[in-house]
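Given next are the chains, with one letter for each unit.
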Amino acid sequence: MRYMDEFRDPTIAKALLKQIASLCEEIGKTRDEPIYIMEICGGHTHSIFRFGLDKLVPKNLEFIHGPGCPVCVLPMSRVDDCVEIAENENVIFTTFGDAMRVPGTKKSLLQAKAEGCDIRIVYSPLDALKIARENPDKNVVFFGLGFETTMPATALTIIRAKNENIANFSMFCNHVLVPPPLRALLMDEKMRLDGFVGPGHVSMIIGKKPYQFIADEFHKPVVIAGFEPLDLLSSVVMVLQQIIDGRHEIENQYGRVVPEDGNKAALDAINRVYEPRPRFDWRGLGEIEYSGVKIRDEFVEFDAEVKFKVGYGAGKGAGREPDDLLCGEVIKGLLKPVHCPKFGIECKPETPLGALMVSSEGACAAYYQYGGRREHEVA
Amino acid sequence: MCLGLPGQIIAIQDKQSLLGKVSFSGISREIDLSCVATENLDDLIGKWVLVHVGFAMSVIDEDEAKATLEALEGLAEAQEEFAAIKESAGE
């Protein structure tokens, strides 16, 4: 129990773990195979490793790490598109810091910057817009990235750009949605999932309803969880209880932050600026229908994909990922990072081959950081 | 980028543009309040909000804010996010 003293309230953590143990034992009486719970959000994946939760729960409970890290699911071809835009004369390319080291097929944004491209890290899309205001003779492009949590921010920034008529600002839109890949995973015959721990901050925007199909069509429980480790443990208890009761509902453990219907102003901004793309490419998962969004025609002058004729804007579909990487299997939860032959050898946080090793929310980086696990698990 | 950080609204800067000033552990910067705006924006002063990449997304109570800040402590990504705010505020 070496991690226990790191909890905000170790007594509550112990009580929750005891409850998890007894619920798992109960479920174990009627089945031999483990209980598979997928935590969707990369932040939760990180917490599981940081607090060693996977080691504190019974052996018949396995966490499957979901696709919930927008940096990790970004295909290499989209990074190539970023580099192509950044290499244009007169362009200032702006991005969240997380995306700088993600490998493209040729180079990362960090390498492109080292080669002389004007690439700047910003905290907020508002800062990119400010750079555009201050540099009217430059084309300022923002790398729009993230799930529903960052979509309102970029949508509202585009609305501001339109209101202020800042014509030298545009965005390369790579926003993706949480529910569609979950459907794709549930339809994958290889996947074995008994329930989900849902993302807190995404749900704060979209509410409970978008997950309803998981209960209705696939009869699996979902519990939306808060950010703290204790929230995560409480949510696991709630998922296990649903399994025992034979219920499949969308429950909200994080009600103090997540409203049932999400945030209306944020959803209105998203719907005003974005529309679903017929398909979007996910690293390791391939193209998934209606899983991404694009900028609506009303705001087309701010769409960098159109302005610079890259990606889907150039009529290009999904790019090919290198054949010898197993990132896709890890994203699907079919392969543990430590069982990848490149893990910790060729692929390390300082020299990542795949995006899962780049972002601190990626399963591979989390395994590596809190690991020393390789020998232990392989043995 | 995915992490929402708790901060406290300390001033309304521009009522028409719905911009305010939010303090994050002593560092303050301009934040868009569109998604938490109420009829009278001044009512928001002193409130705690969860902020994603420069946009307040949810009003939370002080206990929740403190608990979240505690949970974020020691998390590399949160520290990077705080550092990014600090850098952007210095501009």
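What counts as what
- Counting from 1, residues in each chain are numbered in the order their sequence is written.
- Chains carry letters and ligands carry numbers; both start at the beginning, A for chains and 1 for ligands, and go up in the order they are written.
- Given that this is a predicted model, residues contribute local features only at a pLDDT of at least 70 and side-chain atom pairs are listed and counted only at 80 or more, while totals for whole chains, interfaces and linings are drawn from all residues.
- Only heavy atoms go into the side-chain values, all of them from the structure, while hydrogens and water stay out.
- Runs of E in the DSSP output that reach at least two residues are strands. Runs of H or I that reach at least four are helices, and both are numbered from the N terminus.
- Put simply, the radius of gyration uses C-alpha atoms, and a globule should come to 2.2 Å times the residue count raised to 0.38.
- When checking whether two residues touch, look at their non-hydrogen atoms; a contact exists if any pair is within 4.5 Å.
- Accessible surface is estimated by sampling points in the Shrake-Rupley manner with a 1.4 Å probe; for residues, cover comes only from the protein chains shown.
- For the purpose of counting charges, residues Lys and Arg are taken to be positive, whereas Asp and Glu are taken to be negative. His and the chain ends are not included.
- The atoms used to mark charge sites are NZ of Lys, CZ of Arg, CG of Asp and CD of Glu.
- Here an angle of 0 to 180 degrees is reported between the N-to-C directions of two axes, which are lines fitted to C-alpha atoms, with helices fitted over the stretch in contact.
- Angular relationships are summarised with four words: roughly parallel below 35 degrees, roughly antiparallel beyond 145, roughly perpendicular across 65 to 115, and oblique for the angles in between.
- Here is the rule for handedness: rotate from the far helix to the near one, and if that takes an anticlockwise turn smaller than a right angle the crossing is left-handed, while a clockwise turn gives right-handed.
- In this count, Pro and Cys sit with the nonpolar residues alongside Ala, Val, Leu, Ile, Met, Phe, Trp and Tyr, while Asp, Glu, Lys and Arg are called charged and the others, Gly among them, polar.
- Put simply, buried area is how much 1.4 Å-probe accessible surface two parts lose in total, over both of them, once they are put together.
- Salt bridges are counted wherever a side-chain nitrogen of Lys or Arg sits within 4 Å of a carboxyl oxygen of Asp or Glu.
- Each polar contact in these results corresponds to two N or O atoms within 3.5 Å; when the atoms are within protein, one needs to be able to donate a hydrogen and the other to accept it, and residues that are neighboring in sequence are counted only if both atoms are side-chain atoms.
- Only protein chains enter the accessibility calculation, which uses a 1.4 Å probe. A residue is then buried if its area is under 20% of the maximum for its type, exposed if over 50%, and partly exposed in between.
- We call two strands paired when DSSP finds no fewer than two bridges between them.
- Known as pLDDT, the predictor's confidence for each residue is given on a scale from 0 to 100.

## A look at the overall build of chain B
Then, number 1: Counting its secondary structure elements, chain B contains 2 helices and 5 strands.
Then, number 2: When the helices and strands of chain B are placed in sequence order, the string is β-β-β-β-β-α-α.
Then, number 3: For chain B, whose C-alpha radius of gyration is 12 Å, the value lies close to the compact-globule estimate of 12 Å for 91 residues.
Then, number 4: With respect to the three principal axes, the spread of C-alpha positions in chain B is 35 × 30 × 20 Å.
Then, number 5: Considering only contacts in chain B between residues 6 or more positions apart, those separated by 24 or more positions represent 47%.
Then, number 6: Surface exposure of chain B reaches about 3,900 Å², of which carbon and sulfur atoms provide 45%.
Then, number 7: For chain B, the distance from the average position of its 6 positive side-chain charges to the average position of its 17 negative side-chain charges is 6 Å.

## Describing the packing of helix H1 (residues 10-28) of chain A against helix H11 (residues 229-245) of chain A
Residues and elements named next belong to chain A.
Then, number 1: With their axes 9 Å apart at the nearest point, H1 and H11 run at an angle of 25° to one another. Taken together, the axes of H1 and H11 lie roughly parallel to each other. In this structure, H1 meets H11 at a crossing whose hand is left-handed. Along its contact with H1, which presents Ile12, Ala13, Leu16, Leu17, Gln19, Ile20, Leu23, Cys24, Glu26 and Ile27, the element H11 presents Leu230, Leu233, Ser234, Val236, Val237, Leu240, Gln241, Ile243 and Ile244.
Then, number 2: Partitioning the contact of H1 with H11 into residue classes produces 15 nonpolar, 3 polar and 1 charged.

## Quick word on the interface of chain B and chain A
Then, number 1: Between chain B and chain A, the contact holds 34 residues from the first and 35 residues from the second.
Then, number 2: Buried area between chain B and chain A, both sides added, is near 3,100 Å², and the carbon and sulfur share of it is 61%.
Then, number 3: The interface formed by chain B and chain A contains 3 salt bridges.
Then, number 4: Among the salt bridges present, the one from A:Asp127 reaches B:Arg29, with a minimum N-O distance of 2.9 Å.
Then, number 5: Where chain B touches chain A, the interface holds 10 residue pairs in polar contact (both at pLDDT 80 or more).
Then, number 6: Of all the secondary-structure elements, those providing two or more residues to the side of chain B that touches chain A are strand S3 (27-32), strand S4 (48-52), strand S5 (55-60), helix H1 (62-72) and helix H2 (76-89) of chain B.
Then, number 7: Considering only residue class, the side of chain B that touches chain A consists of 18 nonpolar, 8 polar and 8 charged.

## Observations concerning the side chain of A:His201
Then, number 1: On the secondary structure map, A:His201 appears in helix H9 (residues 200-206).
Then, number 2: A relative accessible area of 9% places A:His201 in the buried class.
Then, number 3: A distance of 3.4 Å separates polar atoms of two side chains, one belonging to A:His201 and the other to A:Tyr254.
Then, number 4: Polar side-chain contacts of A:His201 include one of 3.4 Å to the backbone nitrogen of B:Gly4.
Then, number 5: Excluding anything up to four places from it in sequence, A:His201 contacts A:Thr149, A:Tyr254, B:Cys2, B:Leu3, B:Gly4, B:Leu50 and B:His52.

## A word on the pattern of salt bridges
Residue and element names in this part refer to chain A.
Then, number 1: As enumerated under the stated definition, the model contains 28 salt bridges over all chains in all.
Then, number 2: Between Arg31 and Glu33 there is a salt bridge, and its shortest N-O distance comes to 3.8 Å.
Then, number 3: Look at Glu33 and you get partly exposed, because its relative accessible area is 37%.
Then, number 4: Two residues, Glu115 and Lys107, come together in a salt bridge whose shortest N-O distance is 2.7 Å.
Then, number 5: Connected through shared salt-bridge partners, Arg31, Glu33, Arg192 and Asp194 make up one network.

## Examining the packing of helix H6 (residues 125-134) of chain A against helix H7 (residues 151-164) of chain A
All names here are of chain A.
Then, number 1: Contact geometry of H6 with H7 gives a least axis separation of 9 Å together with a crossing angle of 25°. Judged by the inter-axis angle, H6 sits roughly parallel to H7. The hand of the H6/H7 crossing is right-handed. Taking contact as the criterion, the partners of Pro125, Leu126, Leu129 and Arg133 in H6 are, on H7, Ala153, Thr154, Thr157, Arg160, Ala161 and Glu164.
Then, number 2: Considered class by class, the residues forming the contact of H6 with H7 number 5 nonpolar, 2 polar and 3 charged.

## Looking at the sheet that holds strand S6 (residues 169-175) of chain A
All names here are of chain A.
Then, number 1: Sheet architecture is open: 4 strands sit in the order S4-S3-S5-S6, paired in parallel fashion. Every interior strand has two partners, whereas the edge strands, strand S4 (119-121) and S6, have only one. For this sheet, the mean inter-axis angle between neighbouring strands, taken without regard to orientation, is 25°.
Then, number 2: In this sheet, strand S5 (residues 139-146) lies alongside strand S3 (residues 91-95) in parallel orientation, the contact comprising 4 bridges. Looking across to S5, one finds that Val91 is bridged to Asn139.
Then, number 3: On top of the sheet, helix H4 (residues 76-86) reaches S3, S4, S5 and S6; it is set at about 170° to S6, its chief contact.

## Details of the confidence of the model for chain A
Then, number 1: Per-residue confidence for chain A gives a mean pLDDT of 90, with 94% of residues at or over 70.
Then, number 2: Below pLDDT 50 for its whole length, residues 373-379 of chain A participates in 19 contacts with residues either more than four positions away or in separate chains.

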